[in-house]
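Structure at a glance
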Amino acid sequence: MAGGDLPEGGRMKLGLSSAAAPDAGLDELLAICARRGLAVLDLRVGDAHGVEGPMYGLGGAAAAERARAAGVRVSAFRSSGEGQDLRAAPVAAAAGAPVLVGGGPSLTARVRRGHTVTARDARAVVVLDGEASTVDLELVLATDLELAWDVDVAAGSVGGAAERILGAAGGRLRHIRILGGGPEAAMQEGHGVGELMSRLALAGYDGTVILAPSSSRYRVAWQHWLGRRGGWGCGSKSADPSLVSLEGPLLGVGGGA
Amino acid sequence: MSTERILDVRVIPPREKHPAIFQTFGALAAGESFVLVNDHDPKPLRYQFDYEHTGQFGWEYLEEGPTVWRVEISRKGAG
């Protein structure tokens, strides 16, 4: 069980972004979550999970139900542009999950897009990137929108930003995505991840922490970490003797007869 | 914010895990606790607590695998 026994609120929940396996369908993503003990799943609009799409798609309610049956919760739909906002809003509303509004030219544009999403009866969460200046924080906190924070561990130490953002945002911060978690964690020593997680614990943070790749360079590492790709092994299970034959004349080494 | 503090160390680089755990424990007041989440049984951590904080902590397994281990670690009150 991947945290299916946990109540909806009251506890910080670790989860996975579909960006870690953008070609995986929903059922495979849910199986990965169960295998890794991850309680929530963040679905990026446009990935192959098959939940949303202009002409087809499982739909939000069915996806949420399928996730619940697997002991996982769909935590959010992540959008990176206005077109994706409009696709995600009805699906997210049906799933009971928010749309995370990221990408685009500016934070001001994200706030505007967030209000467009809420006008479509879906919850909108504005994504703050990396260091997120105090001005950025105040811009979003002046609205009635929730906040998400993308923590870019590879970019530097996140400890100081964690203290500042947690202190300012308080309960308005509900979604954190760690770019560079999972198999990349071992490479992130000294970047403040321990401090970040400790601060979240002590603050009683009860939102989600989502693991996502920092770059497509680590695609193979993620595939292994998610259990989607094993090594070659010795191959004895599927051995085919007809592929190798030494029945013809053998040539001696050095050409001697 | 909730009243349950969760420290999920699965995302923390290996050599930072124990320091993060002990920093969190050190910030607790008497009677407070947090729930440690890990992907294996944190027995070596228990031994380190026994050695460094003898008699000062509580340790209760809330979940024992096979995928996730959850342990409530509390700071005991004085006296």
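Just above, that's the structure.
Given the structure is predicted, the values throughout are model-derived calculations rather than measurements.

**Structural notes on the interface of chain B and chain A**
Each partner contributes residues to the interface: chain B has 26 residues there, and chain A has 24 residues. The biggest single contributor to the side of chain B that touches chain A is helix α1 (residues 14-26) of chain B, with eight residues. Residues belonging to the side of chain B that touches chain A are distributed by class as follows: 13 nonpolar, five polar and eight charged.

**Topic: helix α7 (residues 193-202) of chain A**
Burial within α7(A) is extensive, with nine of its 10 residues counted as buried. Those residues of α7(A) that fall on the buried side of the exposure criterion are A:V193, A:G194, A:E195, A:L196, A:M197, A:S198, A:R199, A:L200 and A:A201. The inward-facing, buried residues of α7(A) abut β6 (146-152) and α6 (159-169) of chain A together with β1 (6-8), α1 and β2 (33-38) of chain B. With its phi angle positive at about 70°, A:G204 sits one or two positions after the end of α7(A).

**Brief notes about the sheet that holds strand β1 (residues 13-17) of chain A**
All names here are of chain A. The sheet built from eight strands closes into a barrel, its strands ordered β1-β2-β3-β4-β5-β6-β7-β8 with parallel pairing. Pairs of neighbouring strands in the sheet enclose a mean axial angle of 30°, with direction left out of account. Alignment of strand β4 (residues 99-101) against strand β5 (residues 124-129), held across three bridges, turns out to be parallel. Across the sheet, L100 pairs through a bridge with V125, a residue of β5.

**As for unusual backbone geometry**
Residue B:P66 follows B:G65 across a cis peptide bond; omega there is 5°. With a phi close to 65°, A:D121 is a non-glycine residue in the positive phi region. By the secondary structure assignment, A:D121 is in the loop between α4 (107-119) and β5. On the neighbour-count criterion, A:D121 (10 C-beta atoms within 10 Å) is exposed.

Definitions and cut-offs
Residues numbered from 1 in each chain as written. Chains lettered and ligands numbered in written order. Predicted model: local features only at pLDDT ≥ 70, side-chain atom pairs only at ≥ 80, totals over all residues. Contact = placed C-beta atoms within 7 Å. Helix = DSSP H or I, 4+ residues; strand = E, 2+ residues; numbered from the N terminus. Nonpolar A, V, L, I, M, F, W, Y, C, P; charged D, E, K, R; others polar. Buried ≥ 20, exposed ≤ 12 C-beta atoms within 10 Å, placed from the backbone. Pairing = 2+ DSSP bridges. Axes fitted to C-alpha atoms, helices over the stretch in contact; angles between N-to-C directions.

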